[in-house]
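Observations on the model geometry
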Amino acid sequence: RSAIPFYEKSLDSAVIVGKPATSAQLASVRDSLGVSTACAQRLHSEMYERLIAHLLGDTSGPEAKLGSADESRLTEVQALLEIEAETAGRLLVAATAPLYAASARGVLSKAEESDASDAALSAAPLAARQAELLLSSQAARDVERMVARESAESKLAEAAEQLKARDAPLAVETLKA
């Protein structure tokens, strides 16, 4: 347990700082420090999450993006840390889905305000944002469904309150919006 900070420092050096290292070298360090495989896997996942945040610029706004160089770096580190593709994908989605959801909420809000029914108007910015965040099509659709469901639930709750207040015309207008 007392060796974990030393292994974390080795990981930080290889992953965040970018000093050359191999999986074999990390395994050797891990073995010499007596870090268990299960602990190492947990630390590797945490370090991969830190790398994603670092590459996003530790920001949560629209300026947070991942480019092709970032994608290459994530792939290299995934191999270095021997993280399974499914785990790496899940960690990337966990970090970028909230950013994509914020963009989707913004696009939905603009579409509602302008009464835009043209799906192409909202598809273009979302497709660009999806690419900027390296989200798979499936992950993006899942987030879009979640955002749409949140919006619908909010409107239904508002309409229900208006119906309780016996304002049926306003409730109907809320649901039309």
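Heads up: the structure comes first, above all this text.
Heads up: these notes are all about the structure in this document.

The rules behind the values
Residues numbered from 1 in each chain as written. Predicted model: local features only at pLDDT ≥ 70, side-chain atom pairs only at ≥ 80, totals over all residues. Heavy atoms only, no water. Axes fitted to C-alpha atoms, helices over the stretch in contact; angles between N-to-C directions. Helix = DSSP H or I, 4+ residues; strand = E, 2+ residues; numbered from the N terminus. Parallel < 35°, antiparallel > 145°, perpendicular 65-115°, else oblique. Left-handed = near helix turned anticlockwise from the far one by under 90°. Contact = heavy atoms within 4.5 Å. Nonpolar A, V, L, I, M, F, W, Y, C, P; charged D, E, K, R; others polar. Expected span 1.5 Å × (residues − 1). Buried < 20%, exposed > 50% of the residue type's maximum accessible area, 1.4 Å probe, protein only. Polar contact = N/O pair within 3.5 Å; in protein donor to acceptor, adjacent residues only side chain to side chain. Salt bridge = Lys/Arg side-chain N within 4 Å of Asp/Glu carboxyl O.

What follows deals with the packing of helix α1 (residues 4–17) against helix α3 (residues 37–55). In the contact formed by α1 and α3, the axes pass within 10 Å of each other and the chain directions differ by 40 degrees. For the element pair α1 / α3, the angle class is oblique. Both α1 and α3 take part in a crossing whose hand is right-handed. Each of Ile4, Tyr7, Glu8, Leu11, Asp12, Val15 and Ile16 in α1 lies in contact with α3, whose residues at this interface are Cys39, Ala40, Arg42, Leu43, His44, Met47, Arg50, Leu51 and His54. Classifying every residue of the contact of α1 with α3 gives 10 nonpolar, two polar and four charged.

All right, on to α1 then. With 14 residues, α1 extends 18 Å between its outermost C-alpha atoms, agreeing within 8% with the 20 Å of an ideal straight helix rising 1.5 Å per residue. Taken as a whole, α1 has its buried residues at Ile4, Tyr7, Leu11, Ala14 and Val15. Buried residues along α1 sit against α2 (23–33), α3 and α4 (68–80). At the C-terminal side of α1, Gly18 shows a positive phi close to 90 degrees.

Position of Arg129 relative to the elements: it lies in helix α6 (residues 119–132). From its side chain, Arg129 meets the backbone oxygen of Ala64 in a polar contact 2.7 Å long. Residues contacting Arg129, with those up to four places away along its chain left out, are Gly61, Pro62, Ala64, Lys65, Leu99, Tyr100 and Ser103.

Scanning the entire structure with this criterion turns up eight salt bridges. Between Asp12 and Arg50 there is a salt bridge, with its nearest N and O atoms 2.8 Å apart. Of the two residues, Asp12 sits in helix α1 while Arg50 sits in helix α3, which places them 38 residues apart along the sequence. The class of Arg50 is partly exposed, set by a relative accessible area of 43%. Connected through shared salt-bridge partners, Lys65, Arg129 and Glu132 make up one network.

An ideal rise of 1.5 Å per residue puts 27 Å on 19 residues; α3 measures up with 26 Å between its terminal C-alpha atoms. Every buried residue of α3 is listed here: Cys39, Ala40, Leu43, His44, Ser45, Met47, Tyr48, Leu51, Ile52 and Leu55.

On to the environment of Thr87, then. With respect to the helices and strands, Thr87 occurs in helix α5 (residues 85–113). Take Thr87: its relative accessible area is 18%, and that puts it in the buried class. Separated by 42 residues in sequence, Thr87 and Ser45 have C-alpha atoms that sit 8.0 Å apart.

Interaxial distance between α1 and α4 falls to 10 Å at its minimum, and their mutual angle equals 155 degrees. One finds that α1 runs roughly antiparallel with respect to α4. Within the contact between the two elements, α1 uses Ala14, Val15 and Ile16 and α4 uses Arg73, Val77 and Leu80. Of the residues contributing to the contact of α1 with α4, the split by class is five nonpolar, no polar and one charged.

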